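Observations on the model geometry
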Amino acid sequence: MVSQVFTNSTIAALIQSNTYKDTLQNVVKYQPHLNIMEKYWAAWYSYMNNDILATGLMFFLLHEFTYFARCLPWFIIDQMPYFRRWKIQPTKIPSTKEQLYCLKSVLLSHFLVEAVPIWTFHPMCEKLGITVQVPFPNWKTMTFEIGLFFILEDMWHYWAHRLFHYGLFYKYIHKQHHRYAAPFGLSAEYAHPAETLSLGFGTVGMPILYVLYTGELHLFTLCVWIVLRLFQAVDSHSGYDFPWSLNKFLPFWAGAEHHDLHHHYFIGNYASSFRWWDYCLDTEAGPEAKLAREEKMKLKANKNAKKRV
Ligand SMILES: [Zn+2]
Ligand SMILES: [Zn+2]
């Protein structure tokens, strides 16, 4: 199997080598116009010389590395009393034992539930027209696509998550994720396999719908999107709201403050990245939102009573 990373087969043959280092040197020599990221990408696919394995392994490692590397600073911060002043629920510090239990569970779920779709991912990409070739699309296209994926995923997450809070869905599936009323970074992916698959559809399924509609998407764009989405998921479970958190600069960004309230009160704040769905559909969580809702209902009742008089 020859990698599709280069359209020109003569170049592909020139670049291929037995070690990753030599392959990278060949890319630098024969494809000097590529940027640094494109060079590493092209060398990886040429060296592997098996796109199914190259994509599968890359996605699996990307997921594991990003998730646990992003969780580690939160784990360290939890051990440092200095940071308690920014903890949303300051009396609820997860114990190391709790965090280790969660780590074991998440690792098991990654290997059992997520390993299979990862290995079948490249053949699906090929069928859909998701390309691995270099050079990458320009940054404007990538920014637009990733922005759109954030909006679409948030919409999917809002409705699917809201559904998961109904009766049997909650009892048999979503309850597992709500084990922690005060979440911490590692608990982001602590969930029932059915939840991982259905909420995960927002992350992977939305780009699939996009490529079905447009016929064009690069796998690198998908990688950047997944890394950013993992950052968003882990950070929203961190339990900390800093003066420099993103929601302080972008008021429509949900952040940890938004999702922590969901875990605390078990109701409301169903969206993942943005605040607009919960705001517009009146499903915001927490005592302040409840008070505002009651105030609104009172006003409405008064208005109706006046009308009757
Ligand atoms: Zn929930
Ligand atoms: Zn959560």
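Note that residues are indexed from 1 along each chain, following the sequence as it is written. Here every chain gets a letter starting at A, and every ligand a number starting at 1, in the order they are written. Under the rules for a predicted model, residues below a pLDDT of 70 receive no local features and side-chain atom pairs below 80 are neither given nor counted, while totals for whole chains, interfaces and linings still include all residues.

Some thoughts on unusual backbone geometry
- Going from Val134 to Pro135, the amide bond is cis rather than trans, its omega being -5°.
- Helix numbering and strand numbering both begin at the N terminus, where a helix is a DSSP run of H or I of at least 4 residues and a strand a DSSP run of E of at least 2. Looking at the secondary structure, you find Pro135 in the loop between strand S1 (130–131) and helix H7 (139–163).
- The phi dihedral of Phe266 falls on the positive side, at around 65°, and the residue is not glycine.
- Its place among the elements puts Phe266 in the loop between helix H12 (255–265) and helix H13 (276–280).
- Neighbour density around each residue's C-beta defines its exposure: 20 or more other C-beta atoms within 10 Å make it buried, 12 or fewer make it exposed, and counts between make it partly exposed, where C-beta atoms are placed from the backbone. A tally of 14 C-beta atoms within 10 Å means that Phe266 is categorised as partly exposed.
- If you check the backbone angles, Asp282 has positive phi at about 55° while not being a glycine.
- The topology assignment puts Asp282 in the loop between H13 and helix H14 (287–308).
- Residue Asp282 is classed as exposed on the basis of its 11 C-beta neighbours within 10 Å.

Quick notes on H12
- Counting buried positions along H12 yields nine of eleven residues, so the element is predominantly enclosed.
- All of the buried residues along H12 are Gly255, Ala256, Glu257, His258, His259, Asp260, Leu261, His262 and His263.
- The inward-facing, buried residues of H12 contact helix H10 (219–236) and helix H11 (246–249).
- Looking one or two residues beyond H12, the residue adopting positive phi is Phe266, at roughly 65°. By definition, residue pairs are in contact when their C-beta atoms, positioned from the backbone, come within 7 Å.

Notes on the nonpolar core
- Counting residues in hydrophobic clusters, the biggest one holds 27 residues, and the most contacted among them are Val5, Trp41, Ala42, Trp44, Tyr45 and Leu219.
- Counting only elements with at least two residues in this core, the list comes to helix H3 (36–48), helix H4 (51–79), helix H6 (121–128) and H10.
- Element by element, the count of residues in this core is highest for H3, at seven residues.
- In plain words, the nonpolar core is the set of buried Ala, Val, Leu, Ile, Met, Phe, Trp, Tyr and Cys residues that C-beta atoms within 7 Å link up. Val106, Leu186, Ala188 and Ala233 belong to the second-largest nonpolar core, a separate cluster that totals 13 residues.

A short note on the environment of Trp276
- Looking at where Trp276 falls in the secondary structure, it is placed in helix H13.
- Classification of Trp276 by C-beta neighbours within 10 Å gives partly exposed; the count is 15.
- Distance from Trp276 to Asp154, taken between C-alpha atoms, is 9.6 Å for residues 122 residues apart in sequence.

These results come straight from atomic positions and should not be treated as a statement about function.
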